[in-house]
Amino acid sequence: MRQAPIVKRYSEAFKKQIISEYEEGKMTKLAITNKYGLGGSTLNKWLVEFGKHELLGITIKVSMKKEVDELKRVKEENKKLKLALADMTIENRLLQKEIQYRISLTEQPQVLKKKIKPE
């Protein structure tokens, strides 16, 4: 007959004690898991639940209003420049097509063809 797996339940006080030992630098994660027979994932879960927030990998961005305003201004300027570039590209293509059309209408296309570059 097969034995049922052993399920261990730990009190909240015990978990907090383990976490405080780790956070105070008294023991490493490996030492704690070996001493108390815990799994690494169990200890990590307890750190998320009971540990200090700096151990969670949270990134906090601190910026000044001046920096935020400058970033907004630069993004807006970038957007305007992209639109202007798109307009100029379209205008350039239209002018090239116009030149090609006018060349096709002239009697001496060889002279004008030498002055423009093909696409």
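Residues numbered from 1 in each chain as written. Predicted model: local features only at pLDDT ≥ 70, side-chain atom pairs only at ≥ 80, totals over all residues. Heavy atoms only, no water.

**Details of helix H3 (residues 40–50)**
Among the residues of H3, those classed as buried are Leu43, Trp46 and Leu47. Around the axis of H3, the buried residues are gathered within 105° of arc, so they sit on the same side. Pointing more than 90 degrees away from the buried face of H3 are the exposed residues Ser41, Lys45, Val48 and Glu49. Buried-residue contacts for H3 involve helix H1 (12–23) and helix H2 (29–36). (Buried < 20%, exposed > 50% of the residue type's maximum accessible area, 1.4 Å probe, protein only. Helix = DSSP H or I, 4+ residues; strand = E, 2+ residues; numbered from the N terminus. Arc of directions from axis to C-beta. Contact = heavy atoms within 4.5 Å.)

**Thoughts on the packing of H1 against H2**
Where H1 meets H2, the axes come as close as 10 Å, and the angle between the chain directions of the two elements is 145°. Here H1 runs over H2; the crossing is right-handed. Of the residues in H2, those touching H1 at Phe14, Gln17, Ile18, Glu21 and Tyr22 are Lys29, Ile32 and Tyr36. Taken together, the residues that form the contact of H1 with H2 break down as five nonpolar, one polar and two charged. (Axes fitted to C-alpha atoms, helices over the stretch in contact; angles between N-to-C directions. Left-handed = near helix turned anticlockwise from the far one by under 90°. Nonpolar A, V, L, I, M, F, W, Y, C, P; charged D, E, K, R; others polar.)

**Comments concerning the packing of aromatic side chains**
Throughout the structure, instances matching the rule amount to four aromatic pairs. Judged by centre distance (5.5 Å) and plane angle (85°), the rings of Phe14 and Tyr36 are edge-to-face. Pair noted here: Phe14 is in helix H1 and Tyr36 is in helix H2, with a separation of 22 residues, a long-range link. Considering the side-chain rings of Phe14 and Trp46, the 6.3 Å spacing of their centres and the 85° angle between planes classify their relative orientation as edge-to-face. (Phe/Tyr/Trp six-rings, centres within 6.5 Å; stacked < 30°, edge-to-face > 60°.)

**What to know about the pattern of salt bridges**
Working definition: two side chains of opposite charge can pair if their charged atoms are close together. Scanning all chains against the criterion turns up six salt bridges. Across the pair Arg102 and Glu98 runs a salt bridge whose closest N-O atoms are separated by 2.5 Å. Placement of both Arg102 and Glu98 in helix H4 (residues 65–105) is noted, with a separation of four residues, approximately one turn of the helix. One salt-bridge network, in which partners are shared between bridges, spans Glu70, Arg73 and Glu77. (Salt bridge = Lys/Arg side-chain N within 4 Å of Asp/Glu carboxyl O.)

**Digging into the confidence of the model for the protein chain**
Looking at the protein chain, pLDDT values average 83 and 82% of them are 70 or higher. Taken element by element, the protein chain is modelled with least confidence in helix H5 (residues 109–113), mean pLDDT 52, and with most confidence in H4, mean pLDDT 93. (pLDDT = per-residue confidence, 0-100.)

**Side note on the side chain of Thr33**
Here Thr33 shows up in helix H2. Ignoring anything within four residues of it in the chain, the contact list for Thr33 reads Leu38, Gly39, Gly40 and Leu43.

**What to know about the environment of Phe50**
Position of Phe50 among the secondary structure elements: in helix H3. With 34 residues separating them along the chain, Phe50 and Lys16 place their C-alpha atoms 6.5 Å apart. When sequence neighbours within four positions are dropped, the list of residues in contact with Phe50 reads Glu12, Lys15, Lys16 and Ile19.

**Quick notes on the packing of H1 against H3**
Interhelical geometry of H1 versus H3 gives an angle of 95° and a closest axis separation of 10 Å. Taken together, the axes of H1 and H3 lie roughly perpendicular to each other. Residues Glu12, Phe14, Lys15, Lys16, Ile18, Ile19 and Tyr22 of H1 form the contact with H3, whose own contacting residues are Leu43, Trp46, Leu47 and Phe50. (Parallel < 35°, antiparallel > 145°, perpendicular 65-115°, else oblique.)

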